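Spelled out, the chains give:
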Amino acid sequence: MDFVGFLLWVLTSFLLLTAKACSQPQEQQPQVPCFFIFGDSLVDNGNNNGLLTLARANYMPYGLDFPQGASGRFTNGRTFVDILAQLLGFPNYIPAYARVRGRALLQGANYASGASGIRDETGNNLGDHTSMNQQVAKFATTVEQLRRYFRGDSMALGNYLSKCLFYSGLGSNDYLNNYFMTDFYSTRTAYTPITYAASLLQDYTRQLTGLYNLGARKLIVSAVGQIGCIPYELARYDGNGSRCNEEINNAIILFNTGLRKLVDRFNNGELQGAKFVYLDSFQSSQDLVLNAKTYGFEVVDKGCCGVGKNNGQITCLPLQLPCDDRRKYLFWDAFHPTEVANILLAKKAYSSKSKSYAYPINIQQLTML
């Protein structure tokens, strides 16, 4: 090859490499720099694995359809927040706080714990767990750890956290594993449904304000779903005229109504600079049942995996054989949705234009603020 030929070869190679680099898609940047998650077993992704508790899911067939297997997620595949993280453009799932330290915290952490609630004693019947008060305390520790990456500059750290997304979904266990579990808890004798909802909201207001004081500005709060219609309650309830336990549903509506009003208060200046989105999980879970066929569900009253009536008397046992086609089931076990249901719920919360799912704006719009 002469010198001119060599130059032509170099130039051609360079142009081919440049064209190839330009044609490859650039790695997508997440829509927010970090995502912090607080909640219970609906979004726990392994924080309970090392705790002495019955509320754990780090055994098969949990995680049957999840690439990492039985990771501690209380479903067959991805949770609601796993799918939300993907919709937000994160390359990986947000890790459990129990397993993440150092610079990885800059992208967020999941503090959720199965059986936990707004009240500290909620879930004690199942063993150890991390209550919402403890989850907020762990986030306070995280903020201190993050400070070093901003060289102690509180303003820079505050500016960073103000762009992050915060999700909180609590309250289910305060009814399931507290108020309506009268053989273990006395709250039902101490409170009416109205005063109990008010007490929960008072505590939750303080906890959400705590997150705000630690730097949270974009917050998603999830209402409590239709607990009176989950397989666990259907197995225990022998109602007249109604498929679901409406006493439980009516108590939850009191809490949800108050939570939506709280979101309005926060958004109307009570927490300066904060923007809250309320997810109506009661409405969206009801929609999945009412329009089951549209979504491809054939079974909406039984768990895919479980024991007894409605597969809801005892939850999914180790190495138990679940149903063959998880896509046809709304519920994975006595309490938790299947991955397919989580996908539908997450997509609605992220991009639905209907205020009956996400109020006053959806999550996609929240990220743009």
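Residues numbered from 1 in each chain as written. Predicted model: local features only at pLDDT ≥ 70, side-chain atom pairs only at ≥ 80, totals over all residues. Heavy atoms only, no water.

1. Description of the overall build of the protein chain
Phase 1 of the analysis: Check the secondary structure of the protein chain and you find 13 helices and eight strands.
Phase 2 of the analysis: Against the globule reference of 21 Å for 369 residues, the protein chain gives a C-alpha radius of gyration of 23 Å, in line with a compact fold.
Phase 3 of the analysis: In the protein chain, buried positions account for 53% of the 369 residues.
Phase 4 of the analysis: Across the protein chain, the fraction of contacts at a sequence separation of at least 24, relative to all contacts at a separation of at least 6, is 71%.
Phase 5 of the analysis: Carbon and sulfur atoms form 56% of the exposed surface of the protein chain, whose accessible area is close to 16900 Å².
Phase 6 of the analysis: Across the protein chain, the mean location of the 33 positive side-chain charges is 6 Å away from that of the 28 negative side-chain charges. (Helix = DSSP H or I, 4+ residues; strand = E, 2+ residues; numbered from the N terminus. Rg over C-alpha atoms; globule rule 2.2 N^0.38 Å. Buried < 20%, exposed > 50% of the residue type's maximum accessible area, 1.4 Å probe, protein only. Contact = heavy atoms within 4.5 Å. Areas by Shrake-Rupley, 256 points an atom, 1.4 Å probe, with all protein chains shown as cover. Lys, Arg positive; Asp, Glu negative; His and termini not counted. Charge placed at Lys NZ, Arg CZ, Asp CG, Glu CD.)

2. Here's the deal with the packing of helix α3 (residues 132-147) against helix α7 (residues 193-213)
Phase 1 of the analysis: Between α3 and α7, the least distance of the axes is 10 Å, while the angle of their chain directions is 10 degrees. In terms of their interaxial angle, α3 and α7 are classed as roughly parallel. Taken together, the residues of α7 that come into contact with α3 (itself represented by Met 132, Asn 133, Val 136 and Phe 139) are Tyr 204, Arg 206, Gln 207 and Leu 211.
Phase 2 of the analysis: Of the residues contributing to the contact of α3 with α7, the split by class is five nonpolar, two polar and one charged. (Axes fitted to C-alpha atoms, helices over the stretch in contact; angles between N-to-C directions. Parallel < 35°, antiparallel > 145°, perpendicular 65-115°, else oblique. Nonpolar A, V, L, I, M, F, W, Y, C, P; charged D, E, K, R; others polar.)

3. Some words on the packing of helix α10 (residues 281-290) against helix α12 (residues 339-351)
Phase 1 of the analysis: Running from amino to carboxyl end, α10 crosses α12 at an angle of 130 degrees, the nearest separation of the two axes being 11 Å. Of the possible angle classes, the one that applies to α10 and α12 is oblique. Taken as a pair, α10 and α12 cross one another with a handedness that is right-handed. Residues Ser 284, Ser 285, Asp 287 and Leu 288 of α10 lie in contact with α12, whose contacting residues are Ala 341, Leu 344, Leu 345 and Lys 348.
Phase 2 of the analysis: For the contact of α10 with α12, the residue count by class is four nonpolar, two polar and two charged. (Left-handed = near helix turned anticlockwise from the far one by under 90°.)

4. Focus on the confidence of the model for the protein chain
Atom-level detail of predicted coordinates should not be read off regions where pLDDT is low.
Phase 1 of the analysis: Chain-level statistics for the protein chain give a pLDDT mean of 93 and a share of 92% at 70 or above.
Phase 2 of the analysis: Low pLDDT (under 50) marks residues 13-25, which in the prediction has one contact with non-local residues, meaning those over four places away or in another chain. (pLDDT = per-residue confidence, 0-100.)

5. A closer look at α12
Phase 1 of the analysis: The end-to-end C-alpha distance of α12 is 18 Å, a good match for the 18 Å that 13 residues give at a rise of 1.5 Å each.
Phase 2 of the analysis: Inspection of α12 places Glu 339, Ala 341, Asn 342, Leu 345, Ala 346, Lys 348, Ala 349 and Tyr 350 among the buried residues, and these make up the whole buried set. (Expected span 1.5 Å × (residues − 1).)

6. Observations concerning the packing of aromatic side chains
Phase 1 of the analysis: For the structure shown, the criterion picks out 26 aromatic pairs.
Phase 2 of the analysis: With a centroid separation of 6.5 Å and an interplanar angle of 25 degrees, the aromatic rings of Phe 36 and Tyr 111 are classed as stacked. Of this pair, Phe 36 sits in strand β1 (residues 35-39) while Tyr 111 sits in the loop between β2 (108-110) and α3, and the two are 75 residues apart along the sequence.
Phase 3 of the analysis: Phe 36 gets classed as buried once you look at its relative accessible area, which sits at 0%. (Phe/Tyr/Trp six-rings, centres within 6.5 Å; stacked < 30°, edge-to-face > 60°.)

7. Considerations on the nonpolar core
Phase 1 of the analysis: Among the nonpolar cores identified, the biggest contains 92 residues, and Phe 35, Phe 36, Phe 80, Tyr 175 and Phe 255 are the most heavily contacted of them.
Phase 2 of the analysis: The residues contacting Phe 255, other than those within four sequence positions of it, are Ile 118, Leu 170, Tyr 175, Ala 197, Leu 200, Leu 201, Tyr 204 and Val 224.
Phase 3 of the analysis: Judged by nonpolar contacts, the second largest core, of 10 residues, contains Ala 57, Phe 74, Cys 305 and Tyr 329. (Core = buried A, V, L, I, M, F, W, Y, C linked by side-chain atoms within 4.5 Å.)

8. As for unusual backbone geometry
Phase 1 of the analysis: Here the bond from Met 60 into Pro 61 is cis, since omega is 10 degrees, no more than 30 degrees from zero.
Phase 2 of the analysis: By the secondary structure assignment, Pro 61 is in the loop between β1 and α2 (80-87).
Phase 3 of the analysis: Of note, the phi angle at Ala 115 is positive, near 80 degrees, even though the residue is not glycine.
Phase 4 of the analysis: Counting through the fold element by element, Ala 115 comes out in the loop between β2 and α3.
Phase 5 of the analysis: Unusually for a residue other than glycine, Asn 310 sits at a positive phi of about 60 degrees.
Phase 6 of the analysis: Position of Asn 310 relative to the elements: it lies in the loop between β6 (299-303) and β7 (329-331).
Phase 7 of the analysis: Relative accessible area serves as the criterion here: at 13%, Asn 310 is assigned to the buried category.

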